[in-house]
Amino acid sequence: DVKVTQSSRYLVKRTGEKVFLECVQDMDHENMFWYRQDPGLGLRLIYFSYDVKMKEKGDIPEGYSVSREKKERFSLILESASTNQTSMYLCASSLWTGGGGNQPQHFGDGTRLSIL
Amino acid sequence: GDSVTQMEGPVTLSEEACLTINCTYTATGYPSLFWYVQYPGEGLQLLLKATKADDKGSNKGFEATYRKETTSFHLEKGSVQVSDSAVYFCAAAGTASKLTFGTGTRLQVTL
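A brief report on the enclosed structure follows. (Residues numbered from 1 in each chain as written. Chains lettered and ligands numbered in written order. Predicted model: local features only at pLDDT ≥ 70, side-chain atom pairs only at ≥ 80, totals over all residues. Heavy atoms only, no water.)

What follows concerns the interface of chain B and chain A. Many descriptions give the size of an interface as the accessible area lost when the pieces come together. Contact with chain B, which involves 20 residues of that partner, is made by 25 residues of chain A. Between chain B and chain A, roughly 1700 Å² of surface is buried when both sides are summed, and carbon and sulfur atoms account for 53% of that area. Counting the contacts that link chain B with chain A gives zero salt bridges. At the boundary of chain B and chain A, one finds three residue pairs in polar contact (both at pLDDT 80 or more). (Contact = heavy atoms within 4.5 Å. Buried area = accessible area lost by both parts, 1.4 Å probe. Salt bridge = Lys/Arg side-chain N within 4 Å of Asp/Glu carboxyl O. Polar contact = N/O pair within 3.5 Å; in protein donor to acceptor, adjacent residues only side chain to side chain.)

Below, the structure written as structure tokens:
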């Protein structure tokens, strides 16, 4: 089974801090994704990556950046945390199949981040 | 752009009742369609999928049929259990392996 591991289940940080959320997958997947989940809004894509050192903006990239130095690891960075970034953050990975969308995404358990 | 619309919850059912959660999509072409389930405190798990028109995905007693004519992928189960209580998300695959998700439907099953 695919395992996607997020480094923290719960995290509390202060406004203005630089925050790192880490995600590791063990199935050699090319694609990795970061979402945030908020009540009534479903999942919104922040950033995604097709390969090492590659990244693409999703629907809500403002205030975030990402890093993918190794294939198995995808980090989300909040450059200067703000209270409106309090949310559940979900990481996912999937297999690259030439651009088609047949492959499902596999999710981690999420990090519930609170910014005080 | 692509969009997925699913019925708002919460949906409250008694055990052994029939379940239908509606999902419709707007997309270019014929995307693969997915249902995910999220149990309390966990991430999303793939429940079932369909990759082309008239395909039926099924898993754990849940079913959904890809209806091209109505651009729909409704989730059904004939007899729900308390353990099915969760949030269900419909999703459509877009370009470049991205998924577009609906807002989720919370299901609560009572004894």
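So much for the structure itself; the text now carries on.
The next subject is unusual backbone geometry. All names here are of chain B. The amide bond that connects Gly9 to the next residue, Pro10, takes the cis arrangement and shows omega of 0°. Summarising the element assignment, Pro10 is placed in the loop between strand E1 (3-6) and strand E2 (11-14). Here the phi dihedral of Thr71 falls at roughly 45°; this positive angle occurs in a residue that is not glycine. With respect to the secondary-structure elements, Thr71 resides in the loop between strand E8 (62-65) and strand E9 (75-77). Owing to a relative accessible area of 30%, Thr71 belongs among the partly exposed residues under this scheme. (Helix = DSSP H or I, 4+ residues; strand = E, 2+ residues; numbered from the N terminus. Buried < 20%, exposed > 50% of the residue type's maximum accessible area, 1.4 Å probe, protein only.)

Our focus in this paragraph is the sheet that holds strand E7 (residues 64-70) of chain A. Residue and element names in this part refer to chain A. Pairing is antiparallel across the open sheet formed by four strands, whose spatial order is E1-E3-E8-E7. The sheet is open, and its two edges are formed by strand E1 (4-6) and E7, each paired on a single side. This sheet shows a mean twist of 20° between the axes of neighbouring strands, independent of strand direction. Bridge count between E7 and strand E8 (residues 73-78): five bridges; the pairing is antiparallel. Of the residues in E8, the one forming a bridge with Val66 is Leu76. (Pairing = 2+ DSSP bridges. Axes fitted to C-alpha atoms, helices over the stretch in contact; angles between N-to-C directions.)

Our focus in this paragraph is the state of the cysteines. All names here are of chain A. This model, assessed by the stated rule, comprises two disulfides over all chains. A sulfur-sulfur separation of 1.9 Å characterises the disulfide bridge that pairs Cys23 with Cys91. As the torsion about the S-S bond is roughly -80°, the Cys23-Cys91 disulfide counts as left-handed. Highlighted residues: Cys23 in strand E3 (residues 19-25) and Cys91 in strand E9 (residues 87-94), separated in sequence by 68 residues. (Disulfide = S-S within 2.5 Å.)

Residues and elements named next belong to chain B. Strand order in the open sheet made by the four strands is E3-E9-E8-E7, with antiparallel pairing throughout. Of all the strands in the sheet, the pair left with one neighbour each is strand E3 (19-21) and strand E7 (56-59). Strand-to-strand twist of the sheet, defined as the mean angle between neighbouring strand axes without regard to direction, takes the value 15°. Here E3 runs beside E9; their pairing, made up of three bridges, is antiparallel. Bridged to Thr20 within E9 is Glu76.

In this fold, A:Ser93 is placed in strand E9. Residue class for A:Ser93 comes out buried when judged on its relative accessible area of 0%.

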